[in-house]
Amino acid sequence: MTASTHDAAVDRQFSPRATAYLTSAVHAQGEDLLQMADVARQHPDARVLDLGCGGGHVSFHVAPEVKHVTAYDLSQQMLDVVAGEAAKRGLNNLVTRQGKAEYLPFADGEFDLVMSRYSTHHWQDAGRGLREAFRVLKPGGIAVFADVVSPGEPLLDTWLQTIEVLRDTSHVRDYSVAEWTRMLTEAGFTLQGLSPRRLPLEFQTWVTRMRTPDTLVAALRHMFGIAPDVVRAHFDVKEDSSFTSDTATIVVKKPG
């Protein structure tokens, strides 16, 4: 019988797609990655945790700027792809470690910087994951979280979560900026900055990367086709079902 835990769902969704995420243009570039690299550049002696590293793009961008990077992910196959690419790039200061965000196998205050991109919406317990990030960050350390965010308005939020889970059954939630702020504050962080952005997504590439089953691709196209005008306008839905999501890059600090 196929395992039915959320961890199993995440691993089932992403392990066979590790190479696709390495080569994905959406994941391999972006102003948020440049922002993370800029933060890292200001801390050349830092030990960095790339939390939920996926295809490793945060690690690849920050490793040349810092002392050491740990790329951490639930999927071992994803980590194997990251390790192979790091070797090709000569990034000898990058290591991989397997595990889940909510239970980090690291000591208190082990890292100077924690960075996480397009990962939190897969965490079963985001609040616990953020508290763990806070724990392993040294006092005075900086964390940067980048992800798709919900617009917050109920109709738009419901529509967004629906298309996300139809495309990817390991999806948990795209949090609104208000929800992010609350969770980060409850974890103990202080807000340093927030950069909202918009992310255009080409529909066919979006579903192909996840190997979304044909029946769910058809359901997604139907959802886009019947979306009310306010939804189509906010997400800039095109005739081919391509659309644009809201994202945010949030910089926080651990007091100390």
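Relevant structure appears above.
Since this is a predicted model, take the numbers as computed values, not measurements.

**Q** Is there a simple way to think about the packing of helix H10 (residues 203–210) against helix H11 (residues 214–226) in this case?
**A** When two helices pack together, their arrangement is captured by the angle between the axes and the distance separating the axes. Where H10 meets H11, the axes come as close as 11 Å, and the angle between the chain directions of the two elements is 150°. Classified by the angle between their axes, H10 and H11 sit roughly antiparallel to one another. Classified by chirality, the crossing of H11 by H10 is right-handed. Facing H10, whose interface residues are Phe203, Gln204, Trp206 and Val207, H11 presents Val217, Leu220, Arg221 and Phe224. Split by residue class, the contact of H10 with H11 holds six nonpolar, one polar and one charged.

**Q** Whenever I open this one, helix H9 (residues 177–187) confuses me. Can you help?
**A** The α-helix winds at 3.6 residues per turn, so residues separated by three or four positions along the chain end up facing the same way. What H9 keeps buried is the set Trp180, Met183, Leu184 and Ala187. Considered in projection along H9, the buried side chains sweep an arc of 95° and stay on one side of the axis. Residues Ala178, Thr185 and Glu186 are exposed on H9 and point more than 90 degrees away from its buried face. Looking at the buried positions of H9, the neighbouring elements they touch are helix H7 (126–136), strand E5 (137–148) and strand E7 (243–253).

**Q** Help me understand the packing of aromatic side chains in this model?
**A** For any two aromatic rings, the description comes down to two numbers: the centre-to-centre distance and the angle of the planes. Evaluated as defined, the whole model comprises twelve aromatic pairs. Between Phe134 and Phe189 the ring centres are 5.1 Å apart and the planes differ by 85°, which places this aromatic pair in the edge-to-face class. In this pair, Phe134 is assigned in helix H7 and Phe189 in the loop between H9 and strand E6 (190–201), connecting sequence segments 55 residues apart. Owing to a relative accessible area of 4%, Phe189 belongs among the buried residues under this scheme. Relative to Phe224, the ring of Trp159 has its centre 5.0 Å away and its plane inclined at 80°; by these criteria the two rings are edge-to-face. Residue Trp159 is located in helix H8 (residues 154–167), and its partner Phe224 is located in helix H11; the two are separated by 65 residues in the primary sequence. Of the two residues, Trp159 and Phe224, neither departs from the other in class, the shared state being buried. Grouping aromatic residues by their ring pairs yields a cluster made of Trp159, Phe203, Trp206, Phe224, Phe235 and Phe243. We note Lys254 situated over the ring of Phe134; from NZ or CZ to the ring centre the distance is 4.6 Å.

Reading the values: rules and limits
Residues numbered from 1 in each chain as written. Predicted model: local features only at pLDDT ≥ 70, side-chain atom pairs only at ≥ 80, totals over all residues. Heavy atoms only, no water. Axes fitted to C-alpha atoms, helices over the stretch in contact; angles between N-to-C directions. Helix = DSSP H or I, 4+ residues; strand = E, 2+ residues; numbered from the N terminus. Parallel < 35°, antiparallel > 145°, perpendicular 65-115°, else oblique. Left-handed = near helix turned anticlockwise from the far one by under 90°. Contact = heavy atoms within 4.5 Å. Nonpolar A, V, L, I, M, F, W, Y, C, P; charged D, E, K, R; others polar. Buried < 20%, exposed > 50% of the residue type's maximum accessible area, 1.4 Å probe, protein only. Arc of directions from axis to C-beta. Phe/Tyr/Trp six-rings, centres within 6.5 Å; stacked < 30°, edge-to-face > 60°. Lys NZ or Arg CZ within 6 Å of the ring centre and 35° of its normal.

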